[in-house]
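An overview of the molecular structure
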Amino acid sequence: MLVNARLAFTHVWSAAPGALLGYLLATAAAAAAPVLVAWLTKTVLDGVAAGMAFGDLVAGAVTLAVAGAVVAVVPQVSRYLTGQLERTSSLYSTERLYRAVGRFIGLGRFEDPESLDRLRLADNSTRAPAAVVNSGLQVVGGAMTVTGFVGTLVVVSPVMTAIVLASSIPVLLAELGLSRKRGAMEWQLGPAERREFFYSSLLTEVNAAKEVRLYGLSDFLRGRMLTERRASDAARRAMDVRETWTQGGLSLLGAVVVGGGLIWAIRAAAQGEISVGDVSLFVGGVMAVQGAVGGLISGSAEAHHQVLLFDHYRRIVEAEPDLPLPARPRPTPPMQRGIELRDVWFRYSDDHPWALRGISVHIPHGRAVGLVGRNGAGKSTLVKLLCRFYDPTKGAIYWDGIDLRELDPDTLRRRLAGVFQDYMEYDLTAAENIGIGDLDGLTDRNRIVTAARRAGIHDKLVKLPRGYQTLLSRLFMSEADKEDAETGVVVSGGQWQRLALARALFRDQPDLMILDEPSSGLDAEAEARVHEQIRRHRAGRTSLLISHRMSTIRDAQHILVLDEGMLAEQGKHDDLMACGGIYAGLFRMQAAGYGDLVDDADADAATELIRAVQPATVPIRVVRPRR
């Protein structure tokens, strides 16, 4: 806790030293002014009671007025400085947080629920450092006020002073306990809140709107969302009940102490043991101490809570890389020999089954390699390893004989280009959707148009309201378009896929191009044209083409067949067809589905393969040639 508090203070000082210094001075003034007002009030009242001349009382009255003005003004100044601290510190925190997230090399932390919960809490705690400092200074100010008033109260009654202070101890302990429980509750509610957000996203995002309405899922998803909300609300309600009873009881204790002190002071004044000024000082002091102790306690509890939140932020910012980085990365020269996988095994955790098992294969430089296999065979996992989003659990992958783990990941990835099956649809302009494939050329219009032509999307883009500068989103408009609601455009799924392909082709000198189902959303004619462009573009380059459409794989110079994480077959199309194995069965099954001419033996083989991979309830029809 102390380490986190110190780091939060250092964090705020780095972000806004001037505002923090001003806030420290304002806190000191706010703490000292009430004590000064109490003493001046006692002095003036005692002077009035003693019959002092008006002229002798003026100086004290003026000083009292000035101190009262300070008491009135300082909170406004503090409020401004607090806001300035919060804004500046939050911006600084956000920048550091997302810089740290950008240092995550792989995908592991983005696919781990606990890491996602911590990241969400860290994002919610970017204002925590300022809140820690604010609460901490509230504690310091409260302590200064309490110290000042305790000194005055001791003069009047040491016993009553001790009673007032003793009554504050259970309040402090109870508030700290409540703060700890609330922090634990926020962590425990993370999964429920993430699920609630997931269901609410399905109900409001356009990507899910069609299926939600087609299948009548609105009530179902709303029910799931509200179930998660009710669970969260129930936990918070229970926490609120606990706080209400605890704080209510403590407030009652404080009222009893104040009431008892007031009765004692009146009795003592009536018996001549203390003066009228002493009564004023004592009553004001007791109430001020109680208020200051209350502020001290609430500040301590809030600081405790914010420090707990800040801990999530700190863990993200100070986290070690999710994949090991070489102390001295080896140069990543242009590929000359190729990529080799040597006995590669991989699983996502010790609790997961093996996704890849003993893969050993060489992808030669300048060759077009196809990768096929049934769903779950390990194709996407292999791609993640080639991009070094994960490291093999056992074995190694070599780039021209150099282990990928010895290379700088950023340098390695600049030598790659790819279209992923789950490609992104960026709410940016059409030009930006292509240009972000290589930020160095983001403003190079000619390169962007060339990539769009290769992907077969140029003719569509030039017809948009603002051509390549059209915003491909209806979520928000660009600054230039904010008055024109017609300029935001939503394009089709096939057009998004071509944009993703153009983004990959925009990086026009990659050593390895990875094409994972680059044409799955296109019609047959468009697919044929796109693949022709891809073939031209990747001629002489190293490429890995993944597709379930066997017709797009057959022209690859070498084909790898994965089955249950193992390399089951490899070779050219004709050789694999002659073997009559998995590849041949998949190819013939697809050919049969399209009604291609196959003989009876091929049709029977395709039928058996379909029966092996499809549920028994699915009707099977293999088209045989007419005699």
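Residues numbered from 1 in each chain as written. Predicted model: local features only at pLDDT ≥ 70, side-chain atom pairs only at ≥ 80, totals over all residues. Heavy atoms only, no water.

Glancing now at the overall build of the protein chain. In terms of helices and strands, the protein chain carries 22 helices and 10 strands. Counting every position in the protein chain, which comprises 627 residues, the buried fraction comes to 44%. Of the contacts made within the protein chain by residues no fewer than 6 positions apart, 73% connect residues no fewer than 24 positions apart. Just so you have it, the protein chain exposes about 32300 Å², and 57% of that area is on carbon and sulfur atoms. (Helix = DSSP H or I, 4+ residues; strand = E, 2+ residues; numbered from the N terminus. Buried < 20%, exposed > 50% of the residue type's maximum accessible area, 1.4 Å probe, protein only. Contact = heavy atoms within 4.5 Å. Areas by Shrake-Rupley, 256 points an atom, 1.4 Å probe, with all protein chains shown as cover.)

For the rest of this paragraph, the subject is a nonpolar patch on the surface. The grouping of Phe9, Trp13, Leu21, Leu24 and Leu25 at the surface amounts to a nonpolar patch, some 470 Å² of accessible area in total. At the level of secondary structure, the elements contributing two or more residues to the nonpolar patch comprise helix H1 (2-15) and helix H2 (17-49). Structurally, leucine 21 can be placed in helix H2. (Patch = residues over 30% accessible without salt bridge, like charges linked within 9 Å, V, L, I, M, F, W, Y side chains within 5 Å. Salt bridge = Lys/Arg side-chain N within 4 Å of Asp/Glu carboxyl O.)

It is worth spelling out the packing of aromatic side chains at this point. Throughout the structure, instances matching the rule amount to eight aromatic pairs. Between tyrosine 348 and tyrosine 390 the ring centres are 5.2 Å apart and the planes differ by 90 degrees, which places this aromatic pair in the edge-to-face class. Of the two residues, tyrosine 348 is situated in the loop between strand S1 (338-346) and strand S2 (356-364) and tyrosine 390 in the loop between helix H12 (379-386) and strand S4 (394-399); the sequence distance between them amounts to 42 residues. Taking relative accessible area as the criterion, tyrosine 348 reaches 32% and is therefore assigned partly exposed. Note on phenylalanine 389 and phenylalanine 420: the rings are 6.4 Å apart at their centroids and 50 degrees apart in plane angle, and the pair reads as tilted. (Phe/Tyr/Trp six-rings, centres within 6.5 Å; stacked < 30°, edge-to-face > 60°.)

To continue, consider helix H4 (residues 113-124). When the terminal C-alpha atoms of H4 are compared, their 17 Å separation across 12 residues agrees well with the 16 Å that a helix rising 1.5 Å per residue should span. Taken as a whole, H4 has its buried residues at Asp117, Arg118, Leu119, Leu121 and Ala122. (Expected span 1.5 Å × (residues − 1).)

Once that is clear, we can look at the sheet that holds strand S8 (residues 542-546). Taken in spatial order, the six strands make up an open sheet running S6-S7-S8-S3-S9-S10, and their pairing is mixed. Strands at the two margins of the open sheet, each flanked by one partner only, are strand S6 (416-419) and strand S10 (566-571). Adjacent strand axes in the sheet meet at a mean angle of 15 degrees, parallel and antiparallel pairs treated alike. Bridge count for strand S3 (residues 368-373) against S8 is four bridges, and the pairing is parallel. For leucine 371, the partnering residue across the bridge sits in S8 and is isoleucine 546. (Pairing = 2+ DSSP bridges. Axes fitted to C-alpha atoms, helices over the stretch in contact; angles between N-to-C directions.)

Turning to the packing of helix H15 (residues 445-454) against helix H17 (residues 493-506), a few remarks are in order. Viewed as axis vectors pointing N to C, H15 and H17 meet at an angle of 125 degrees, and their least axial separation amounts to 8 Å. In terms of their interaxial angle, H15 and H17 are classed as oblique. Of the two elements, H15 crosses H17, and the hand of that crossing is right-handed. Judged by residue contacts, Arg447, Ile448, Ala451, Ala452 and Arg454 of H15 engage Ala502, Leu505 and Phe506 from H17. Grouping the constituent residues of the contact of H15 with H17 by class yields six nonpolar, no polar and two charged. (Parallel < 35°, antiparallel > 145°, perpendicular 65-115°, else oblique. Left-handed = near helix turned anticlockwise from the far one by under 90°. Nonpolar A, V, L, I, M, F, W, Y, C, P; charged D, E, K, R; others polar.)

Bringing the sheet that holds S4 into the picture now. Strand pairing in a sheet relies on backbone hydrogen bonds. The paired strands run either parallel or antiparallel. Read from one edge of the open sheet, four strands run S2-S1-S4-S5, paired in antiparallel fashion. The open sheet has two edge strands, S2 and strand S5 (402-403), and neither has a second partner. As judged from the five bridges shared by S1 and S4, these two strands associate in the antiparallel manner. Across the sheet, the residue bridging to leucine 341 is isoleucine 397, located in S4. Each of S1, S2 and S4 touches H12; the most contacted strand, S1, lies at about 120 degrees to it.

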